[in-house]
2 protein chains.
Amino acid sequence: MLDPALDYARANRQTHLSRLCHWLRIPSISTTPEHSSDVRRAAEFAAQYLRDMGMPDVEIRETTGHPIVYARYANPQPSNLPTLLIYGHFDVQPTDPEDEWTRPPFEPTLEGETLYARGASDDKGQVFAVLAALESYLKTSGRLPVNVKILLEGEEEITSPSLFPYLRAHADELTADAILIADQDMLDPQHPVIMWGVRGNLYAEIEVRGPAHDLHSGTFGGGVDNPFNVLVRLLAALQDGETRRVLIPGFYDSVEELTDEERALIAQAPIHDGVGLYLTGAPALGGETGYPLAERVSVRPTFEVHGIAGGFTGAGSKTVIPAKATAKVSMRLVPRQTPDEVFEALKSYLHFLCPPTVKLEVRAIGKAHPVKMDYQAPAVQAAAVSYEKGFGHKPIYLRGGGSLPIVYEMIETLKAPVVMIGFGLPDDRTHSPNEKFFLPNFYRGIETVIHYLDVFSKI
Amino acid sequence: MLDPALDYARANRQTHLSRLCHWLRIPSISTTPEHSSDVRRAAEFAAQYLRDMGMPDVEIRETTGHPIVYARYANPQPSNLPTLLIYGHFDVQPTDPEDEWTRPPFEPTLEGETLYARGASDDKGQVFAVLAALESYLKTSGRLPVNVKILLEGEEEITSPSLFPYLRAHADELTADAILIADQDMLDPQHPVIMWGVRGNLYAEIEVRGPAHDLHSGTFGGGVDNPFNVLVRLLAALQDGETRRVLIPGFYDSVEELTDEERALIAQAPIHDGVGLYLTGAPALGGETGYPLAERVSVRPTFEVHGIAGGFTGAGSKTVIPAKATAKVSMRLVPRQTPDEVFEALKSYLHFLCPPTVKLEVRAIGKAHPVKMDYQAPAVQAAAVSYEKGFGHKPIYLRGGGSLPIVYEMIETLKAPVVMIGFGLPDDRTHSPNEKFFLPNFYRGIETVIHYLDVFSKI
């Protein structure tokens, strides 16, 4: 079964690319209500692809938010074959700032071996690679080497609000021996990655309200506290300017220290300062003092201000004391911090700091638990073998800096190991203008998953 | 001369109101190019009024922007009579948001004793009151009791770009013993105001640039300094959270302390905390500790953040480390601070504080000098006497919290005292929808200026 599938994948690269481009043309931005119908179209597109390749049982399942695509393949062979649950998402990030896109976000542009489009890397391109591997088996042998369940959602970029209850409600249906997720970067085309943990996240809004309406800063300046002035003080009080440590009382209390073995594993990753400078284009690296870059971006918690709404930001000047100012902030969390505890600590500390001249409201708008996996589990080691066959290189073991709430939820709800692989590159500009995907990784990714299904069938 | 002029003014209220309404029908919005010809029509209307009342020497003078109206009256009496320069403006603010006007902005509507129209209070109504006083003399005695020069501009609402070079180029022609400006509010109909100073202003943009492009806060969070995190720390470092004093080194060095007499004069103004709370709707008053409200909003410098551009401020969440963040800030300045010195101090301090992980740029986008006038100058005291005759109430002496660059320019260029009076009310909604003017103030304003010309002729 293996070789015909590999041959098929190699012979059909153009067809796979072309079909992926059709998917990328659907602006399935999950966070903006105007794009709801596009998210649904992206779901229908995936379902149709699964049906076309011969998956026997494909459904679009409604949620209170965007729909879920669910498919199931029960191998006709003896039932002792293992079951793999494949997870992915077909929604994408917004495209702002629009004017920094030098190619249209939703009209895929091919330049050399690179495909530009929103979602090309995160995550349509990677999900497509997994689905194309299934197609390669089904179109050559008429069957898959294992049992497969497929679960694709349209709310990953908005922290999967519908998926979590769905998982709990369908836990019996979704039982599997392992869960495969392809939604991450390699270090470079020679360094595939196995992720053995992700950071959690607490995303919050901090709103400061002062006067009942905007005031003229000449007439009233000095008479009232400006909500923006108060807000920048509150935000500045959350992080030390020298050490960049978070100053919320108790914030580090539950942070798990690395074992020597874990620290050594992380140190093997070629995440050096030169790479960091190259990838970010920053004048200098930053972040928490006392930890190497590889740890700062993966196993240390952070605090980020993402933007502040309110007041006047147009051209020229307007002398306004705004009635309110609202910051969006987030904190990446590491084992064993929990978003609930950190949110309560944040809220308490801000209310403690806030003067009585304004009203303060702190809202959690996103929560994700940190996760650490057993990198020696057989389903994970199967990925290492498959990477070596697909890419010709052994993988690097990394802890991920981003957050995948779904990983925590799946492990907690389905009690199965999660295997995190991926075919993106660090400069793919996921979540930024001019997102792109390196096509050799796309094709090697397809072959890697073909190998994975083969190796996994024997564990 | 005085009594016939007063009688004439009283007998011709309806005529004056009617002619003012014609002026208000001209939509002389200076900021929008489509209204350029309307601004010129408003200039021509004023020139024609001056000619009709018998002013011998009236000109429309071109600038690179909107035209200036200049008129001159040399008294045939012995030349030791003082000369008064009258300044005003005939341009108005835009009318947006249009849908909040419940009366048409350019079709004056009379309701009881209130006249609704854009420009009714700011400044056509007040300028007309001054011109009608001249008319009252000229139509009864055939002459004015003093020498008069009249300078009306059409760019006040766009910070007078043509007037400043005009003043410098025509300084000799514009020499006067005092400059009268009627473009301000009374506290209420029983409390006319003499303004004896205004604050200056420095309006600046502070831009922090970090990574070359937006980054994912999961992948890179902890690796680079977030420009927003740095910017909020820089902004927070500019103002003490307890005292609300500006922390820029040297900021207060040149601030002139009030004399006991000045402090007592400011304390007479009915600007109490209850009024401040009522007008702002803030949960509590704020601003610099140790000074009463009346001083904080007029003779103490401030620091305000007006808005911060960059990053993500839409609905929902986006986990971005923005490439840059740009704050708009301003500082109200008091005698003897200068916007240039404060800008340099701000820039130096921010560059001193800024870490090498980001690039910093500080730009001045608006500068206005603070001004303090001698409220005991004879030309100013003449206004106090005239107010009492015109309104039946002694004036309140106030220092203004806003900035009027034209006042500083006139004092510096023409070396003459400025007398700031006005007949508006605080709820006239100047610059807002449904601007209005209280007509009893209009008529009393005409009589006040008739008295002023009489009193001023004897100083």
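Residues numbered from 1 in each chain as written. Chains lettered and ligands numbered in written order. Predicted model: local features only at pLDDT ≥ 70, side-chain atom pairs only at ≥ 80, totals over all residues. Heavy atoms only, no water.

## Here's the deal with unusual backbone geometry
All names here are of chain A.
Right, so step 1: Omega for the peptide link from aspartate 96 to proline 97 comes to -5 degrees, which places this bond in the cis form.
Right, so step 2: Structurally, proline 97 can be placed in the loop between β3 (83–89) and β4 (109–111).
Right, so step 3: Geometrically, the link from aspartate 122 to aspartate 123 is a cis peptide bond, its omega value of 5 degrees lying close to zero.
Right, so step 4: Within the element layout of this structure, aspartate 123 appears in the loop between β5 (114–116) and α4 (124–138).
Right, so step 5: Within the chain, arginine 429 stands out as a residue other than glycine whose phi angle is a positive 55 degrees.
Right, so step 6: Positive phi outside glycine occurs at histidine 431, with the angle close to 75 degrees. (Helix = DSSP H or I, 4+ residues; strand = E, 2+ residues; numbered from the N terminus.)

## Quick word on the sheet that holds strand β13 (residues 324–333) of chain B
Residue and element names in this part refer to chain B.
Right, so step 1: Strands sit in the order β11-β13-β9-β14 across an open sheet of four strands; the sheet is antiparallel. The outermost strands of the open sheet, each flanked by one partner alone, are β11 (304–309) and β14 (359–368). In this sheet, neighbouring strand axes are inclined to one another by 15 degrees on average, regardless of whether the strands run parallel or antiparallel.
Right, so step 2: Summarising the sheet, β11 and β13 pair through five bridges and their orientation is antiparallel. Each bridged residue has a counterpart across the sheet, and for valine 305 the counterpart in β13 is valine 329.
Right, so step 3: Against the sheet, helix α7 (residues 227–236) contacts β9 (200–209), β11, β13 and β14, and its axis sits at roughly 15 degrees relative to β13.
Right, so step 4: Running at roughly 165 degrees to β14, helix α11 (residues 339–353) makes contact with β9, β13 and β14 of the sheet. (Pairing = 2+ DSSP bridges. Axes fitted to C-alpha atoms, helices over the stretch in contact; angles between N-to-C directions. Contact = heavy atoms within 4.5 Å.)

## Let's talk about the environment of proline 292 of chain B
Right, so step 1: Take proline 292 of chain B: it is sitting in the loop between α9 (273–280) and α10 (293–296).
Right, so step 2: Proline 292 of chain B sits 15 residues away from leucine 277 of chain B along the chain, and the two C-alpha atoms are 14 Å apart.

## Details of a nonpolar patch on the surface
Right, so step 1: A contiguous nonpolar patch, built from Val275, Tyr278 and Leu279 of chain B and spanning about 330 Å² of accessible area, is present on the exposed surface.
Right, so step 2: As for its placement among the helices and strands, valine 275 of chain B is situated in helix α9. (Patch = residues over 30% accessible without salt bridge, like charges linked within 9 Å, V, L, I, M, F, W, Y side chains within 5 Å. Areas by Shrake-Rupley, 256 points an atom, 1.4 Å probe, with all protein chains shown as cover. Salt bridge = Lys/Arg side-chain N within 4 Å of Asp/Glu carboxyl O.)

## Looking at the domain arrangement of chain A
Frequently, the measure chosen for interface size is the accessible area removed from exposure when the parts meet.
Residue and element names in this part refer to chain A.
Right, so step 1: Annotation of chain A at the domain level lists domain 1 (2–198 + 370–456) and domain 2 (200–255 + 301–368).
Right, so step 2: For domain 1 and domain 2, the distance between their C-alpha centres works out to 36 Å.
Right, so step 3: Contacts between the two partners involve nine residues from domain 1, matched on the other side by nine residues from domain 2.
Right, so step 4: When domain 1 packs against domain 2, the two sides together hide about 650 Å² of surface, and 62% of this comes from carbon and sulfur.
Right, so step 5: Among the residues domain 1 hides against domain 2, the three largest losses belong to Thr159, Pro370 and Ser403. Together they make up 65% of the total.
Right, so step 6: The tally of links from domain 1 across to domain 2 stands at zero salt bridges.
Right, so step 7: The interface formed by domain 1 and domain 2 contains two residue pairs in polar contact (both at pLDDT 80 or more).
Right, so step 8: In terms of residue class, the side of domain 1 that touches domain 2 is built from four nonpolar, three polar and two charged. (Domains from an automatic or database assignment. Buried area = accessible area lost by both parts, 1.4 Å probe. Polar contact = N/O pair within 3.5 Å; in protein donor to acceptor, adjacent residues only side chain to side chain. Nonpolar A, V, L, I, M, F, W, Y, C, P; charged D, E, K, R; others polar.)

## Notes on the confidence of the model for chain A
Right, so step 1: Averaged over chain A, the pLDDT score is 96; the fraction of residues at 70 or greater is 100%.
Right, so step 2: Overall fold confidence (pTM) sits at 0.85, and the ipTM for the predicted complex is 0.90. (pLDDT = per-residue confidence, 0-100.)

## Some details on a negative patch on the surface
Right, so step 1: Taken together, the side chains of Asp96, Glu98, Asp99 and Glu100 of chain B present a region of like negative charge at the surface.
Right, so step 2: Note on placement: glutamate 98 of chain B falls in the loop between β3 (83–89) and β4 (109–111). (Lys, Arg positive; Asp, Glu negative; His and termini not counted. Charge placed at Lys NZ, Arg CZ, Asp CG, Glu CD.)

## Here's the deal with the side chain of arginine 244 of chain A
Right, so step 1: Within the element layout of this structure, arginine 244 of chain A appears in the loop between α7 (227–236) and α8 (260–268).
Right, so step 2: Side-chain polar atoms of arginine 244 of chain A contact the backbone oxygen of glutamate 242 of chain A, separated by 3.0 Å.
Right, so step 3: In this structure, arginine 244 of chain A is in contact with Gln239, Gly287 and Glu288 of chain A together with Asp225, Arg233, Pro355 and Thr357 of chain B, ignoring residues within four places of it in sequence.

## Observations regarding the relation of the copies chain B and chain A
Right, so step 1: For the pair chain B and chain A, the relating rotation is 179 degrees, the translation along its axis is 2.9 Å, and the fit reaches an RMSD of 2.7 Å.
Right, so step 2: Same-surface contact between copies: 99% of interface residues of chain B are shared with the interface of chain A. (Least-squares fit on C-alpha atoms with pLDDT ≥ 70 in both.)

## What to know about the packing of helix α2 (residues 13–24) of chain B against helix α14 (residues 439–456) of chain B
All names here are of chain B.
Right, so step 1: Packing of α2 against α14 brings their axes to within 11 Å, and their N-to-C directions diverge by 110 degrees. In terms of orientation, α2 and α14 fall into the roughly perpendicular class. With respect to the hand of their crossing, α2 and α14 are arranged in right-handed fashion. For the pair formed by α2 and α14, the contact residues are Arg13, His16, Leu17 and Leu20 on the first element and Leu439, Phe442, Tyr443, Ile446 and Glu447 on the second.
Right, so step 2: When its residues are assigned to classes, the contact of α2 with α14 shows six nonpolar, one polar and two charged. (Parallel < 35°, antiparallel > 145°, perpendicular 65-115°, else oblique. Left-handed = near helix turned anticlockwise from the far one by under 90°.)

## Some thoughts on the interface of chain B and chain A
Right, so step 1: At the junction of the two partners, chain B supplies 76 residues and chain A supplies 84 residues.
Right, so step 2: Ranking the residues of chain B by area buried against chain A places Arg233, His306 and Lys318 of chain B at the top, with a combined share of 10%.
Right, so step 3: At the boundary of chain B and chain A, one finds three salt bridges.
Right, so step 4: With a shortest N-O distance of 2.2 Å, arginine 244 of chain B and aspartate 225 of chain A are connected by a salt bridge.

## A word on the sheet that holds strand β14 (residues 359–368) of chain A
Residues and elements named next belong to chain A.
Right, so step 1: The four strands are arranged β11-β13-β9-β14 in an open sheet whose pairing can be described as antiparallel. On the outer flanks of this sheet lie β11 (304–309) and β14, each paired with one strand and no other. Taken pair by pair, the neighbouring strands of this sheet meet at an average axis angle of 15 degrees, ignoring direction.

## Remarks on helix α2 (residues 13–24) of chain A
Right, so step 1: With 12 residues, α2 of chain A should reach 16 Å at 1.5 Å per residue; the first-to-last C-alpha distance of 16 Å fits that figure.
Right, so step 2: Those residues of α2 of chain A that are buried are in contact with α1 (2–11), α3 (36–53), β4, β5, α4 and α14 (439–456) of chain A. (Expected span 1.5 Å × (residues − 1).)

## A short note on the pairing of β13 of chain B
All names here are of chain B.
Right, so step 1: Extensive coverage of β13 is indicated by the burial of nine of its 10 residues.
Right, so step 2: Judged from the 10 bridges that link them, β9 and β13 form a sheet pairing that is antiparallel. Note that in β13 the partner of arginine 209 across the bridge is lysine 324. (Buried < 20%, exposed > 50% of the residue type's maximum accessible area, 1.4 Å probe, protein only.)

## Brief notes about the packing of aromatic side chains
Right, so step 1: In total, this model carries 26 aromatic pairs over all chains according to the counting rule given.
Right, so step 2: With 6.4 Å between their ring centres and 15 degrees between their planes, tyrosine 349 of chain B and phenylalanine 352 of chain B make a pair best called stacked. Highlighted residues: tyrosine 349 of chain B and phenylalanine 352 of chain B, both in helix α11, separated by three residues, approximately one helical turn.
Right, so step 3: Grouped by ring-pair contacts, the aromatic residues Trp23, Phe45, Tyr49, Phe128, Phe437, Phe442 and Tyr443 of chain A constitute a single cluster. (Phe/Tyr/Trp six-rings, centres within 6.5 Å; stacked < 30°, edge-to-face > 60°.)

## Considering the environment of proline 94 of chain B
Residues and elements named next belong to chain B.
Right, so step 1: By secondary structure assignment, the location of proline 94 is in the loop between β3 and β4.
Right, so step 2: The spacing of proline 94 and proline 27 is 67 residues in sequence and 8.9 Å in space, taken between C-alpha atoms.
Right, so step 3: With near-sequence residues (within four places) excluded, proline 94 lies in contact with Ile29, Thr31 and Arg118.

## Notes on the pattern of salt bridges
Right, so step 1: This structure, assessed with the given rule, holds 64 salt bridges over all chains.
Right, so step 2: With its nearest N and O atoms 2.5 Å apart, the salt bridge here joins lysine 367 of chain A to aspartate 340 of chain A. A residue pair is termed long-range when its members are at least 10 positions apart, and lysine 367 of chain A in strand β14 and aspartate 340 of chain A in helix α11 (residues 339–353) qualify at 27 residues.
Right, so step 3: Between glutamate 256 of chain B and arginine 336 of chain B there is a salt bridge, with its nearest N and O atoms 2.9 Å apart. Residue glutamate 256 of chain B is found in the loop between α7 and α8 (260–267), and its partner arginine 336 of chain B is found in the loop between β13 and α11; the two are separated by 80 residues along the sequence.

## Some words on the nonpolar core
Right, so step 1: Membership of the largest hydrophobic core comes to 122 residues, with the highest contact counts inside it found for Trp23, Met55, Ile150 and Leu151 of chain A.
Right, so step 2: With near-sequence residues (within four places) excluded, methionine 55 of chain A lies in contact with Leu50, Ala71, Arg72, Tyr73, Leu138, Leu144 and Ile150 of chain A.
Right, so step 3: Listed in part, the 110 residues of the second largest apolar core include Phe45, Val198, Tyr387 and Phe456 of chain B. (Core = buried A, V, L, I, M, F, W, Y, C linked by side-chain atoms within 4.5 Å.)

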